Amino acid sequence: MISNKTIGILAHVDAGKTTLSEGLLYTAGTIRRMGRVDRQDAFLDNFEMEKKRGITIFSKSAVIKVASDKTVTLLDTPGHMDFQAETGRTLDVLDYCILVINSAEKAGLHTLSLFKMLHERQIPTFVFLNKMDMDTSEPNSIIKTLNDLGGPDFVRFTRYDKKTDPHRIIELFKSDDSDKNQFFENLATSDERLLNEYMETGEITKESVCMAISELKLVPVFEGSALNLQGVKELFDAINEFTLDTIYPEEPDFNIYKISRDDKEKKLTHVKITGGSFSVRDIIDGEKITEIRLYSGEKYENVNTVYAGQIAVLMGLNNSRYESEELYDPVMSYSLIFPDGESISETLPKLKLIAEEDPGLKIDYHEQTKEIQVRLFGQVQMEVFKALVKKRFGLNIEFGEGNVVYKETIKSTVNCAGHFEPLRHYAEVHLRMEPLVRGKGIEVHSEVGVDSLALNYQRLIGTHLTEREFVGVLTGAPLTDVSFTIIGGRAHLKHTEGGDFREAVYRAVRQGLMKAESVLLEPYYSFDIELPSQKLGKVMNDFQSMGAEINPPVTVGENASLTGRIAVSELKRYQLSLMAYLGEAGSLSLSNAGYDICNLQEQVVAEIGYDPDTDVKNPSSSVFCSHGSSDIIPWDEADSHMHVQPDKKDEEEFSDYNLRSIDKNIRREQVTLTELEEIFAKTFSSNKKRTGYKYKRAFNTSKTYSGSSHTYNDKEDYEKIHKKTLKGGKDVLLVDGYNVIFAWDELKELANVNMDGARSKLCDLLTNYAAYKDCEVVLVFDAYKVRGSKGEINKYQNIYIVYTKQAQTADEYIAKTAIEKGKVDRVTVASSDSLVQLIIRGNNCFAMSSLELKQALDNCGVE
């Protein structure tokens, strides 16, 4: 079996990253001639603007064969800060990374920021100190700066012998002199296991070093000159010797890390295979893989199958989507100016295609101004976007004046509610909104038991809280750093549709923002200025007058360094003047420092002039049904009209029991199968509308899949076994697994620590109960075990465990199965979901709540 690894190359701009990539490809024999950035013939920089500017703009892949049984996919990433989002998304698929540093400069802000990202994601890293042939190289200073970060130990594995022989690279691991002892001593300080091994044996094995690297306790440092191919082979050999293979599961799975389009505008879904294999004609969420490509630069090879660890492009997945973690938010927004006569309605979808491919680009349409706004990082990205629009769509666009992208949060905790009840619709949601520390984004929690609000509705609320970007009430800016906790809610047994909870959630959030004290946030930069000492005083005064946070300056001879943090809005006005004052004798490095309090909140709010009451797309009111018509209640009056009062300490006030009693008239009706299907279509339709995926695998009739005791070859076999397994005229107990787990205190407590343990405990309890009662027990879990499958049934001792198909809830499965089996068997359903109990009681079945099931087990002495 061939080992497949993915290794990324990251660097600050002009560190020589692309040159090192060329050297590694040349050393491996992948290319016959090294390209050069200045000759515009680099193998991986094939976009016209990349050649023109001499920088990497899009991440590219190339396959390297490092041994007969080992391949490496090299991912070259952009170094310019404008394209940090493009770099960031490749981190999701890396096994290892090479961080390239220009040894002729200090380890600057961007370099340290890159390593911080790698460290946070625990990506094992190699460092290559490039341009060691230059007289100004200072490797010792850089290694000290890296070690001062307080993370893993950075240890030299090679040393560039500049004094005696510039072409000689000393491999410290292989040397037989005092260098090797010193090398071992340096290794030993990085990890306690290495220290113990060295103390006991006087040496450290390669296997131990590999383990320390993989755990990011040790970062090997290599020195050389990529342009002159010095130190490149040593790094290449280290990739083979000091990396470990990743063990992947057999279950087919993949991770989407990029979306792009080829010259024919065909959609390319870039993935890393993270389990099993995929072949042409496999079905993924209803879409067939029509082609599989393995790219090296701009060329590709068609293959029929790809395996775990490989980077590939899957064709035919038109609904695929890269799910960004929103770690890289653009800080500037510009209005787009189009040629006269250009239709915005026709242009906007085209621009959205480019935004889909670039996570660092946001496209918005402002209804009030009738303008398209684009959010991006800086001038270079702006030029690239302009060139792409011209090349792909023939449009000449210009940019208006740039504005800072503000955000909003709240200052204190507030409870809020939303109600949506036009005729034959119903949903009510209660939330607690709390401020989070800066940079946390949006979090969602729940304090509601499944007896109060069914788990599927709680999940639906959670989906609606994260599916869109909420806007604040100060300026209409995106909301961030807020925790939402579900504290109550209600659905109607017959009239609730999927979209009802969406409306209720949106209105609840908006009411909360109207209630709370909002805070305006603005983006900040970390800065690092290198300048002559005599100019330090003026620059410090200027930055202090702009409210910057300044660290004590560092002066070395005639040169000085000034670092700190400043609001983007302030630096935007001053940056050109600063660069003119510094001239060629100074430099400015910037990196994003997140969002913080806007010091000019009142002024900015007044200038923007946003009115939340006239924002019809974000209503704060609630809708109630009164005498058959809709009654819109303003946000500040809506609380007294709400049907649920989660603040009351008596939990029976909004328990499932009372929900049933409120709708007792409906409960007397005999529900027919046709009506049931209508309810299913309304209640579960939102689960079936899948627009994209990050990790997805659909059931494929051309393959087999296995459970613990059954193997199904296709859908037909599965259905036959399914019917056979549940056949028999006897007592049958259908159990909603997760509903029970979260209703029983001991199982819920165990689930918070180990969900597998909670499921196993429930299975054991039910096997004892089945033996005692001599009944057939079917335990149902919704879409948990097999992602994307059509379902699975396992025999566990004397009970059956069902995992439903993807997008099918346990409620839906249990209701349908109960109706079918209720025709010949005595069926009891254990679930506290009110909709399920309504349906099964109307179809000659028995019902017990999750707590009643616990009592039944206790009465039988089941432990």
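Scroll up to find the structure.
Summary of the structure given here.

About the cut-offs
- Residues numbered from 1 in each chain as written.
- Predicted model: local features only at pLDDT ≥ 70, side-chain atom pairs only at ≥ 80, totals over all residues.
- Heavy atoms only, no water.
- Buried < 20%, exposed > 50% of the residue type's maximum accessible area, 1.4 Å probe, protein only.
- Helix = DSSP H or I, 4+ residues; strand = E, 2+ residues; numbered from the N terminus.
- Pairing = 2+ DSSP bridges.
- Axes fitted to C-alpha atoms, helices over the stretch in contact; angles between N-to-C directions.
- Contact = heavy atoms within 4.5 Å.
- Nonpolar A, V, L, I, M, F, W, Y, C, P; charged D, E, K, R; others polar.
- Parallel < 35°, antiparallel > 145°, perpendicular 65-115°, else oblique.
- Left-handed = near helix turned anticlockwise from the far one by under 90°.
- Phe/Tyr/Trp six-rings, centres within 6.5 Å; stacked < 30°, edge-to-face > 60°.

## Let's talk about the pairing of strand 25 (residues 414–420)
The element strand 25 is largely enclosed, with a buried count of six among its seven residues. Where strand 25 lies against strand 26 (residues 427–435), seven bridges are found, and the strand directions are antiparallel. Among the inter-strand pairings, Gly418 is bridged to a residue of strand 26, identified as Val429. In this structure, the hairpin formed by strand 25 and strand 26 is closed by a connection of six residues, where Arg424 is found at a positive phi of approximately 65 degrees.

## Considerations on the sheet that holds strand 41 (residues 799–803)
Judged by pairing direction, the sheet is mixed, and its six strands sit side by side in the order 40-41-39-38-42-43 without closing on themselves. Of all the strands in the sheet, just strand 40 (792–796) and strand 43 (846–848) have a single pairing partner and so form its edges. Taken pair by pair, the neighbouring strands of this sheet meet at an average axis angle of 20 degrees, ignoring direction. Helix 25 (residues 810–821) contacts strand 38 (731–736), strand 39 (776–781), strand 41 and strand 42 (826–830) of the sheet and is inclined by roughly 170 degrees relative to strand 38. Across the face of the sheet, helix 27 (residues 850–859) comes into contact with strand 38, strand 42 and strand 43 while running at roughly 85 degrees to strand 43.

## Looking at the packing of helix 23 (residues 745–753) against helix 24 (residues 755–773)
Direction vectors running N to C along helix 23 and helix 24 enclose 145 degrees, while the axes themselves pass 6 Å from each other. On the side of helix 23, the interface is formed by Leu747, Leu750, Ala751 and Val753, while helix 24 contributes Met755, Gly757, Ala758, Lys761 and Leu762. Looking at the contact of helix 23 with helix 24 residue by residue, the class counts come to seven nonpolar, one polar and one charged.

## Examining the packing of helix 12 (residues 455–466) against helix 13 (residues 498–515)
Put simply, helix 12 and helix 13 touch, their axes get as near as 9 Å, and they point 55 degrees apart. Between helix 12 and helix 13, the angle falls in the class oblique. Regarding helix 12 and helix 13, the two cross each other, and that crossing is right-handed. Residues Tyr457, Leu460, Ile461, His464 and Leu465 of helix 12 pack against Gly498, Phe501, Arg502, Val505, Tyr506 and Val509 of helix 13.

## Description of the packing of aromatic side chains
Each pair of aromatic rings is reported with the distance of its centres and the angle of its planes. Taken as a whole, this structure holds 19 aromatic pairs when the rule is applied. Aromatic side chains Phe184 and Tyr198 sit 6.0 Å apart centroid to centroid with 50 degrees between the ring planes, which places their arrangement in the tilted category. Taken together, the positions of Phe184 in helix 6 (residues 178–188) and Tyr198 in helix 7 (residues 192–201) put the pair 14 residues apart, joining distant regions of the chain. For the pair shown, Phe184 and Tyr198 are each scored as buried. Each ring, one from Phe781 and one from Tyr803, has its centre 6.0 Å from the other, and the planes form 25 degrees; the classification is stacked. Taken together, the positions of Phe781 in strand 39 and Tyr803 in strand 41 put the pair 22 residues apart, joining distant regions of the chain.

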